[in-house]
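Residue-level listing of the chains:
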Amino acid sequence: MWLLSKNVLPEDKKEEMMQQYIIGNWKMNGTKAEAQKLASGFLKRIQEAERPLPKIVLCPSYPYLTTVFDILKNSPIEMGAQDVFPEKSGPYTGDVSAIQLTDVGCKYVIVGHSERRLHHKEDCALIRKKNDVAIKAGLRPILCIGESAEERKSGKALHVISSQLKSDLPESFSPHEMIIAYEPLWAIGTGHLPSHEEIEEVMGLIKHELSLHVSGGGLVPILYGGSVTAENALGLLELPHVDGLLVGGASLKLDDFWDVINASQR
Ligand code: 13P
């Protein structure tokens, strides 16, 4: 059951939340040398930037978190992980806890990505627990939700999104503690995107549901993800309900990701 949260949004967080977020999910790509090159490349561009920039977050694979953090630590670029295990410590071979992620410099963590739901059979109960544990450890989850092609075709997209929200979100959280990413499964890595009207319809629904259930919930940043490119980023970021983008493939190319960042509107 998703309860009405009475958590209040601190005043100093409001301004930060009005920014757009451009988040790069590097997935399981690259080598240490490539991670270093990308992170240093972004850092150099940020230092030379002549306009205010959106909030930028890079999410490398686990083995490169420390490498990337060492490059970004005194910069405005922040770092996230791609997953978290919902226990504090113990006999969980191969898993990584929220505390360990904050310890190496992560401020964010992607939770419930459709690739994890698919390849690791992650269900709503697990995803909800991960969100909860991450928030308690001071990590901000980027919760990914989205419908399959079949669900979209059969007119169930809005229903699926709404029920994922209810079952994946923790019972209680403040708006500045969460980010939601709408990533239709059929748009990831395919080059096929929903229309701007379809994106706005889903984003509007998410904002409405959040505002009903969380005090200040309409301020939770809602990102779009799925086949974002340097070419389509501006159109997406101009949509009124889109608070940023979660970018896969294009975040691995310095020039393309830089163009996406520069398409930001706030
Ligand atoms: P692509 O941008 O490669 O489609 O990936 C989107 C995604 O899954 C980001 O989390």
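Criteria and cut-off values
- Residues numbered from 1 in each chain as written.
- Predicted model: local features only at pLDDT ≥ 70, side-chain atom pairs only at ≥ 80, totals over all residues.
- Heavy atoms only, no water.
- Axes fitted to C-alpha atoms, helices over the stretch in contact; angles between N-to-C directions.
- Helix = DSSP H or I, 4+ residues; strand = E, 2+ residues; numbered from the N terminus.
- Parallel < 35°, antiparallel > 145°, perpendicular 65-115°, else oblique.
- Contact = heavy atoms within 4.5 Å.
- Nonpolar A, V, L, I, M, F, W, Y, C, P; charged D, E, K, R; others polar.
- Expected span 1.5 Å × (residues − 1).
- Buried < 20%, exposed > 50% of the residue type's maximum accessible area, 1.4 Å probe, protein only.

Quick look at the packing of helix H6 (residues 124-136) against helix H8 (residues 157-168) now. Between H6 and H8, the least distance of the axes is 8 Å, while the angle of their chain directions is 55°. Here H6 lies oblique to H8, going by the angle between them. On the side of H6, the interface is formed by Cys-124, Ile-127, Arg-128 and Asn-131, while H8 contributes Lys-166, Ser-167 and Asp-168. Its residues assigned to classes, the contact of H6 with H8 comprises two nonpolar, two polar and three charged.

This part takes up unusual backbone geometry. Within the chain, Lys-121 stands out as a residue other than glycine whose phi angle is a positive 55°. Inspection of the secondary structure assignment puts Lys-121 in the loop between helix H5 (114-119) and H6.

With twelve residues, H8 ought to run about 16 Å at 1.5 Å a step, and its terminal C-alpha atoms sit 16 Å apart, in line with that. Residues Ala-157, Val-160, Ile-161, Ser-162, Gln-164, Leu-165 and Asp-168 constitute the buried set of H8. Looking at the buried side of H8, the elements it contacts are H5, H6, strand E5 (140-145), helix H7 (149-153), strand E6 (179-182) and helix H9 (196-213).

So, to be careful, I would describe these as geometric facts and stop short of saying anything about function.
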